[in-house]
2 protein chains.
Amino acid sequence: MAKARPVKLGLSHLRITLSENFYIGPGRADLMELIAETGSISEAAKRMGMSYKRAWVLVQALNEGFGAPLVEASRGGTAQGASLTSAGREVLERYRGMQEATRRAIGRDVEALSALHADMSTRK
Amino acid sequence: MAKARPVKLGLSHLRITLSENFYIGPGRADLMELIAETGSISEAAKRMGMSYKRAWVLVQALNEGFGAPLVEASRGGTAQGASLTSAGREVLERYRGMQEATRRAIGRDVEALSALHADMSTRK
DNA sequence: CATCGATATTCCCATTCGGACATATCGAGG
DNA sequence: CCTCGATATGTCCGAATGGGAATATCGATG
């Protein structure tokens, strides 16, 4: 049985593709944000309800896809853990900004579609 | 070997989720548009480079997910083929409008990210 | 130098996804 | 009533996805 993720209504996916090898979307952004917050890939993965492996693969994709690493990780010792590089912080910030701008820009249309949808659903 | 689809840069995926059972994204929108243009599910599928079955599954999802059918299809005779219902046309139009509004809203950020990306890629 | 916590990496396996293919169905028209 | 073109569906199979577990690695610290 699949995990029952809560459904995010309205603007649910905004993906920006910068090249053949790199894009940033909601999942990657959330992961980056959680890494920044927790300072750990494994903890971020846990909070997102995904396996460490999956999170690690995503981090790889982020780092290798972009020209420079967005997430920096070090193992061993006191400094172990992960954090965002300055490029990573900028990418994340820009993405959040785009999400907000998009929400503002399409709010009315979403409302209209929602209304149409509700309308159609009620009348059997 | 997987099909080499051309990569769409910039805003590549905009998905609007209206309920647990329905969302509209770029693939579905393109399919609807091609159905409207060609008057045929199979022809639309061919142009999108996907199997008829996949297109049919998508049409099912569209029709069952939304309260009312968005795509109408009839088989046999002269009138055979498929077309959009008025609800389908409205959904498609709204979606295209949202795409445009989004592009306008995030253009600058995309540029900035693109520049950052290019910058990072060049310096080895 | 043993421990600890977190990253890094590789196998193995179940599930899902999707394509190819095969039919079945339908309805106008010859 | 047979053909034609397009929709409607099911089956089979290989590819891709993703999880879980098992290891390996690293470095500060006691």
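For the structure, see preceding data.
Residues numbered from 1 in each chain as written. Chains lettered and ligands numbered in written order. Predicted model: local features only at pLDDT ≥ 70, side-chain atom pairs only at ≥ 80, totals over all residues. Heavy atoms only, no water.

Points about the protein's contact with DNA strand C
Keep this limit in mind: Nearness is judged by heavy atoms alone; a residue qualifies as near a molecule or strand once a single heavy atom is within 4 Å of it. What qualifies as a polar contact is a pair of N or O atoms within 3.5 Å, subject to a donor-acceptor requirement within protein and to the restriction that residues adjacent in sequence count only when both atoms come from side chains.
Taken together, 17 residues are adjacent to DNA strand C, and Ile 41, Tyr 52 and Arg 75 of chain A together with Lys 53 and Gly 76 of chain B come closest. The sugar-phosphate backbone supplies 68% of the atoms of DNA strand C found within 4 Å of the protein. A distance of 3.0 Å separates a base oxygen of DNA strand C from a polar backbone atom of Gly 76 of chain B. Thr 78 of chain B places a polar side-chain atom, nitrogen or oxygen, 2.9 Å from a sugar or linking oxygen of DNA strand C.

Notes on the environment of Glu 90 of chain A
Inclusion rule: Each helix is a run of DSSP H or I of at least 4 residues and each strand a run of E of at least 2, with the numbering of both proceeding from the N terminus.
Looking at the element boundaries, Glu 90 of chain A is found in helix α4 (residues 86-122). Measuring from C-alpha to C-alpha, the distance between Glu 90 of chain A and Ala 29 of chain A comes to 11 Å, with 61 residues separating the pair along the chain.

Some points on the interface of chain B and chain A
Applied cut-off: Whether two residues touch is decided by their heavy atoms; if any such pair falls within 4.5 Å, the residues are in contact. Summed over both partners, the accessible area lost on bringing two parts together, with a 1.4 Å probe, is the buried area. Think of a salt bridge as a Lys or Arg side-chain nitrogen and an Asp or Glu carboxyl oxygen that are within 4 Å of each other. Should DSSP find at least two bridges between two strands, the strands are regarded as paired.
Contacts between the two partners involve 37 residues from chain B and, on the opposite side, 37 residues from chain A. A combined buried area of about 3400 Å² lies between chain B and chain A, and 72% of that area is made up of carbon and sulfur atoms. Sorting the residues of chain B by area buried against chain A places Leu 18, Leu 113 and His 117 of chain B first, and these three jointly supply 19% of that buried surface. Where chain B packs against chain A, one counts two salt bridges. Viewed at the interface, chain A and chain B are joined by 10 residue pairs in polar contact (both at pLDDT 80 or more). Counting only elements with at least two residues in the side of chain B that touches chain A, the list comes to β1 (10-19) and α4 (86-122) of chain B. In terms of strand pairing, strand β1 (residues 10-19) of chain A meets β1 of chain B through seven bridges, oriented antiparallel. Bridge assignment links Leu 14 of chain A to a residue of β1 of chain B, and that residue is Leu 14 of chain B.

Focus on the relation of the copies chain B and chain A
Operational definition: Least-squares superposition aligns the copies on the C-alpha atoms of those residues with pLDDT at or above 70 in both.
Here chain B sits on chain A after a turn of 180° about the axis and a move of 0.0 Å along it, with an RMSD of 0.1 Å. On the angle and the small slide along the axis, the relation comes out as a two-fold axis. With an isologous cut-off of 70% or more, the 100% of interface residues of chain B that recur at the interface of chain A puts this contact in the isologous class.

Concerning the side chain of Thr 85 of chain B
Residues and elements named next belong to chain B. Inspection of the secondary structure puts Thr 85 in the loop between β4 (81-84) and α4. Among the polar contacts listed, one links the side chain of Thr 85 to the backbone oxygen of Pro 69, at a separation of 2.8 Å. In this structure Thr 85 touches Pro 69, Leu 70, Val 71 and Glu 72, once residues within four positions along its chain are discounted.

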